[in-house]
Amino acid sequence: MNNPPFLSNCSAGTIREAAAALKAGHLVAFPTETVYGLGADARNPDAVKRIYQVKGRPTDHPLIVHISSISQLEKWAIDIPEYAISLARAFWPGPMTLILKRSEITEDFITGGQETVALRVPSDPIALALIEEFEKISDSAIAAPSANRFGQVSPTSSADVQEELGEFLSESDFILDGGNCLIGIESTIVDCTSHRPGILRPGFITSADIDSLLGIQSKSEYVPVNVKFSGSFEKHYSPKCKVVLGDKPLQGAGFLALRDIETPPGMLRLASPTTVEEFAQVLYSVFRGADRSGLMTLMVSAPLGVGLGLAIRERIEKASRGR
Ligand code: TXA
Ligand code: MG
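Residues numbered from 1 in each chain as written. Chains lettered and ligands numbered in written order. Predicted model: local features only at pLDDT ≥ 70, side-chain atom pairs only at ≥ 80, totals over all residues. Heavy atoms only, no water.

Enquirer: I'm lost on the overall build of the chain in this one. Help?
Expert: Looking only at helices and strands, the chain features ten helices and 16 strands. Here the C-alpha radius of gyration of the chain, 19 Å, is about what a compact globule of 323 residues would show, namely 20 Å. Seen along its three principal axes, the alpha-carbon backbone of the chain occupies a region of about 60 × 55 × 35 Å. Counting across all 323 residues of the chain, residues that qualify as buried make up 57%. The contacts in the chain between residues at least 6 apart in sequence include a share of 68% that link residues at least 24 apart. With the model as given, the accessible surface of the chain reaches about 13400 Å², and the carbon-plus-sulfur share is 52%. Averaging the locations of the 31 positively and 38 negatively charged side chains of the chain gives two centres separated by 4 Å. (Helix = DSSP H or I, 4+ residues; strand = E, 2+ residues; numbered from the N terminus. Rg over C-alpha atoms; globule rule 2.2 N^0.38 Å. Buried < 20%, exposed > 50% of the residue type's maximum accessible area, 1.4 Å probe, protein only. Contact = heavy atoms within 4.5 Å. Areas by Shrake-Rupley, 256 points an atom, 1.4 Å probe, with all protein chains shown as cover. Lys, Arg positive; Asp, Glu negative; His and termini not counted. Charge placed at Lys NZ, Arg CZ, Asp CG, Glu CD.)

Here you go:
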């Protein structure tokens, strides 16, 4: 296949062009504040099928439907609990995905046959403009997983998307460039199908954020995962090199740690983020950089604490389990 056009000038004109491509059944990779997504018309089964082909992902893994605002919630979901509305009001647009009971228009090819749907309003201005434009011309929304091959690290720049998927996309597809993702790890996924919320995937929005919004009675919790949840597959998020946790010397290995932690002798420092937020932002690009440098091993000294630190450790632990 020929490479897709790469649009770095995301003007109103190019957003319209990309929305028209979605309407015509093509794919558009676009930036979000978390990671880049690979988008298709959420009501077009053939377009959605191509997402699975391009990613090499099993078709029973459900996709997130990206909508432009809370006003679209009731189109895709039913029986929405009051607390889910509160979460959406507080954290949308933003890095949070809600799992809700699906409506009639949400078909099996989006949910992998499950009775629930994942919905998110991203805050990235290019993502929002694209979704708004597409909703205007289609009566639909954008289904999008992270724009990486199945089991690989999520892309946090348009160059990453090109590297991951360029050869699998066609000339009629698009990659929109919005620079580096601000957050750098995937959205927090909150299951809203029972009487209180449960966090299925930790992220930038933390259980403390959710608990303090909803009050002490409505405590968020990790729920046992009994739904198809590809993030829980062992080989997810893995770079090619071996990822190990720690800060002890290991000759020739790459090293990632917060700035105040010294590089052990004989190791190659890959980044020195000054905050936990910055750590999340650079994590996946360090994974990719380690592979590009041909390193066999990357040692990561993971940030401590709950909140975002926990979300980062979850990614590193998964990566350390290897592929
Ligand atoms: O930040 C993000 O969420 C990014 C950007 C592009 O929005 N998207 C993303 O999509 O990470 P993906 O497909 O790579 O990961 C979404 C996760 C998958 O693990 C999927 O199994 C889970 O969400 N998921 C989707 N629908 C679900 C559902 N109905 N119930 C439970 N999990 C669901
Ligand atoms: Mg993914």
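The discussion continues.
Enquirer: Looking at this structure, I do not really get the environment of N44. What am I missing?
Expert: Its place among the elements puts N44 in the loop between β3 (37-41) and α2 (45-55). Sequence separation of N44 and K23 is 21 residues, and the distance between their C-alpha atoms is 8.8 Å. Among all residues touching N44, those that are not within four sequence positions of it are G25 and F109. A distance of 3.0 Å separates the side chain of N44 from the backbone nitrogen of D46, its partner in a polar contact. (Polar contact = N/O pair within 3.5 Å; in protein donor to acceptor, adjacent residues only side chain to side chain.)

Enquirer: Got a minute to help me understand the domain arrangement of the chain in this structure?
Expert: Frequently, the measure chosen for interface size is the accessible area that the parts lose on association. Assigned domains of the chain: these are domain 1 (6-222) and domain 2 (242-320). Contacts between the two partners involve 21 residues from domain 1 and, on the opposite side, 15 residues from domain 2. Summed over both partners, the interface of domain 1 with domain 2 comes to about 1400 Å²; 56% of that surface belongs to carbon and sulfur atoms. When the buried surface of domain 1 facing domain 2 is broken down by residue, V153, I185 and P202 rank first, second and third, together holding 35% of it. Summed over the shared surface of domain 1 and domain 2, the result is five salt bridges. In this structure, the connection of domain 1 to domain 2 is made through eight residue pairs in polar contact (both at pLDDT 80 or more). Among the elements that take part in the side of domain 1 that touches domain 2, helix α7 (residues 158-165) stands out by supplying three residues, more than any other. (Domains from an automatic or database assignment. Buried area = accessible area lost by both parts, 1.4 Å probe. Salt bridge = Lys/Arg side-chain N within 4 Å of Asp/Glu carboxyl O.)

Enquirer: Got a minute to help me understand the packing of helix α9 (residues 276-292) against helix α10 (residues 308-320) in this structure?
Expert: Packed helix pairs are characterised by how far apart their axes lie and by the angle those axes make with each other. Interhelical geometry of α9 versus α10 gives an angle of 20° and a closest axis separation of 9 Å. When the interaxial angle is binned, α9 and α10 end up roughly parallel. By crossing handedness, the relation of α9 to α10 is classed as left-handed. Counted together, V276, E277, F279, A280, L283, Y284 and F287 of α9 and L308, G309, I312, R315, I316 and A319 of α10 form the full contact between these two elements. (Axes fitted to C-alpha atoms, helices over the stretch in contact; angles between N-to-C directions. Parallel < 35°, antiparallel > 145°, perpendicular 65-115°, else oblique. Left-handed = near helix turned anticlockwise from the far one by under 90°.)

Enquirer: How do you make sense of the environment of G305 when you look at a structure like this?
Expert: Residue placement: G305 occurs in the loop between β16 (297-300) and α10. Apart from residues no more than four positions distant in its own chain, G305 is found in contact with L310 and R313.

Enquirer: How should I be thinking about the sheet that holds strand β14 (residues 254-256) in this particular structure?
Expert: Strand pairing in a sheet is mediated by backbone hydrogen bonds. Such pairs are either parallel or antiparallel. Reading across from one edge, β13-β16-β14-β15 is the order of the four strands in this open sheet, with parallel pairing throughout. Each end of this open sheet is capped by a strand with a single partner; those strands are β13 (242-245) and β15 (268-271). Neighbour to neighbour, the strand axes of the sheet diverge by 30° on average, direction disregarded. With three bridges joining them, β14 and β16 adopt parallel strand pairing. Within the sheet, the bridge partner assigned to L256 lies in β16 and is V300. (Pairing = 2+ DSSP bridges.)

Enquirer: Would you mind showing me how to read helix α6 (residues 125-138) here?
Expert: Helical geometry: 3.6 residues make up each α-helical turn, so side chains three or four residues apart lie on a common side. Between its first and last C-alpha atoms α6 spans 20 Å; for 14 residues at 1.5 Å apiece the expected length is 20 Å, and the two agree. For α6, the complete set of buried residues consists of I126, A127, L128, L130, I131, E133, F134, E135 and S138. Regarding α6, its N-cap is D124, as a side-chain oxygen of that residue lies 2.8 Å from the backbone nitrogen of I126 further along. (Expected span 1.5 Å × (residues − 1).)

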